[in-house]
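# Observations on chain architecture
Next come the chains, spelled out residue by residue.
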Amino acid sequence: MREKVYVGLVHYPVYNKNNDIVATSVTNFDIHDISRTCRTYDIENYFIITPLDAQKELTGRIIGFWQEGCGIEFNKNRNEAFEHTRLMDSIEDCIKKITEKEGKEPRIITTSAKTFPNSVSYKELSSEIYDDENPYFLLFGTGWGLTDEIMEMSYKILNPIRGKTEYNHLSVRSAVSIILDRLFGDN
C-alpha cells in the first residue's frame, strides 16, 4: 500500500569523510526540496532527524515560517509541502511514531552508494510496497552515509543510483527525488 510510506533524512548518526560518527548540519535546501518532493509523491511524513538543539531550533523556525508565518500567504504551495514534514530527535522516535500511527513497525529501507548482500532493485521494491500492507520507512543519510548500525537495521537496501561515470556523489535531495520517482513515479 503506497500510502504507508515515510521518509527520514538522517543527520545523526552518520559518517564524515574520516569515517567518524558525527551529526551533520540541516540545510535549508534539504528542508525545502525534500518536503516538496515528498508532497509530490504523497509520502505520509518526511522526518528530518537531528538531536542537536540548535539545528532543531533553526529548522523549526524555517518550517514555522511557511506553516504559521508570512510564508503562508507568500507561497501556498510551500505551505502545503510542509504539512507532512516533521522534526524528530532520532530514528527510534520516528519508528515509534510510525508504529503508533500504523499499528505495526515499519520495514526499514536504507539507501547507499554501495551495494550490499540484501540490496534490492527499484522495480522489485516498488512492486513489494504496492502489494504489501506493511508501512515502509526509507532512510537517507547525510554526510558520508548512514552508519553500519543503521544499515544493519535494514529490511532491504536500495541499489545505488548509477550514472554513466564512476563519479557517484549526488546531493541527498537529488537522490531522494530520483529514488521516489523510480519507486512511485508514473512509469
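Up top you'll find the structure we're talking about.
Described in the following lines is the structure provided in the data block. (Residues numbered from 1 in each chain as written. Predicted model: local features only at pLDDT ≥ 70, side-chain atom pairs only at ≥ 80, totals over all residues. Heavy atoms only, no water.)

### Points about the state of the cysteines
Just so we agree on the cut-off: Pairs of cysteine sulfur atoms within 2.5 Å are identified as disulfides in what follows.
By the definition in use, this model includes zero disulfides. Cys38 takes part in no disulfide bond, and the closest cysteine sulfur to it belongs to Cys94, at a distance of 12 Å.

### Points about helix 2 (residues 53–67)
Applicable threshold: The way it works is that DSSP assigns letters per residue, a run of H or I at least four long becomes a helix, a run of E at least two long becomes a strand, and they are numbered from the N terminus. Given the number of residues in a helix, its expected span is that number minus one, multiplied by 1.5 Å. Summary of the burial criterion: residues with accessible area below 20% of their type's maximum are buried, those above 50% are exposed, and those between are partly exposed, where the area comes from a 1.4 Å probe applied to protein chains only.
Its 15 residues give helix 2 an end-to-end C-alpha distance of 20 Å, which sits within 8% of 21 Å, the value for a rise of 1.5 Å per residue. Those residues of helix 2 lying buried are Gln55, Lys56, Thr59, Ile62, Ile63, Gly64 and Trp66.

### A few points about the side chain of Lys156
Quick note on the threshold: Counted as a polar contact is a pair of N or O atoms within 3.5 Å, where, for protein atoms, one must be capable of donating a hydrogen and the other of accepting one, and residues adjacent in sequence contribute only when both atoms are in side chains. Contacts were defined at the residue level, with two residues in contact if any of their heavy atoms lie within 4.5 Å.
Looking at the secondary structure, you find Lys156 in strand 9 (residues 156–158). Note on Lys156: relative accessible area 16%, which makes it buried. Here the side chain of Lys156 touches Glu128 through a polar contact of 2.5 Å, side chain to side chain. If near-sequence neighbours (up to four positions away) are discounted, Lys156 is found in contact with Ile108, Ile109, Thr110, Asn118, Val120, Glu124 and Glu128.

### Points about a negative patch on the surface
Put simply, the test is: Excluding any residue in a salt bridge, patches collect residues exceeding 30% relative accessible area, merging like charges within 9 Å and nonpolar Val, Leu, Ile, Met, Phe, Trp and Tyr side chains within 5 Å. Computed by Shrake-Rupley with a 1.4 Å probe, the accessible areas treat only the displayed protein chains as cover when residues are assessed. The term salt bridge refers to a pairing of a side-chain nitrogen on Lys or Arg with a carboxyl oxygen on Asp or Glu at a separation within 4 Å. In this charge count, Lys and Arg are treated as positive and Asp and Glu as negative; neither His nor the chain ends contribute. Every charge is mapped to an atom, namely NZ of Lys, CZ of Arg, CG of Asp or CD of Glu.
On the surface, a cluster of negative charge is made up of Glu92, Asp93, Asp148, Glu149 and Glu152. Of all the elements, helix 7 (residues 148–152) adds the most residues to the negative patch, at three residues. You can see Asp148 is positioned in helix 7.

### A word on the packing of helix 1 (residues 28–40) against helix 2
The line we're drawing: In this analysis an axis means a line fitted to C-alpha atoms, helices contributing only their contacting stretch, and an angle means the value between N-to-C directions, from 0 to 180 degrees. To sort the angles, those under 35 degrees are grouped as roughly parallel, those over 145 as roughly antiparallel, those from 65 to 115 as roughly perpendicular, and the leftovers as oblique. By definition, any crossing whose near helix is turned counterclockwise from its far helix by less than a right angle is left-handed, and any crossing with a clockwise turn is right-handed. Residues are grouped as follows: Ala, Val, Leu, Ile, Met, Phe, Trp, Tyr, Cys and Pro are nonpolar; Asp, Glu, Lys and Arg are charged; all remaining types, including Gly, are polar.
As a packed pair, helix 1 and helix 2 sit with axes 10 Å apart at the nearest point and diverge in direction by 45°. Classed by the angle they form, the pair helix 1 and helix 2 counts as oblique. Classified by chirality, the crossing of helix 2 by helix 1 is right-handed. Contacts between helix 1 and helix 2 involve Asn28, Ile31 and His32 from the former and Thr59, Ile62, Ile63 and Trp66 from the latter. Class assignment of the residues belonging to the contact of helix 1 with helix 2 gives a composition of four nonpolar, three polar and no charged.

### A word on the nonpolar core
Threshold: The term nonpolar core refers to a set of buried residues drawn from Ala, Val, Leu, Ile, Met, Phe, Trp, Tyr and Cys, joined through side-chain atoms within 4.5 Å.
If you look at the biggest cluster of nonpolar residues, it comprises 31 residues, and the most contacted ones within it are Leu125, Leu138 and Leu158. For this core, the elements supplying multiple residues, two or more each, are strand 1 (5–10), helix 1, strand 4 (45–49), helix 2, helix 6 (122–131), strand 8 (136–141) and helix 8 (172–184). Considering every element that reaches this core, the biggest residue donor is helix 8, with seven residues. Residue contacts for Leu158: discarding those within four places in its chain leaves Ile109, Thr110, Thr111, Ser112, Val120, Ser121, Tyr122, Leu125, Leu138, Ile179 and Leu183. Of all hydrophobic cores here, the second largest spans 17 residues; its members include Tyr6, Val10, Met88 and Cys94.

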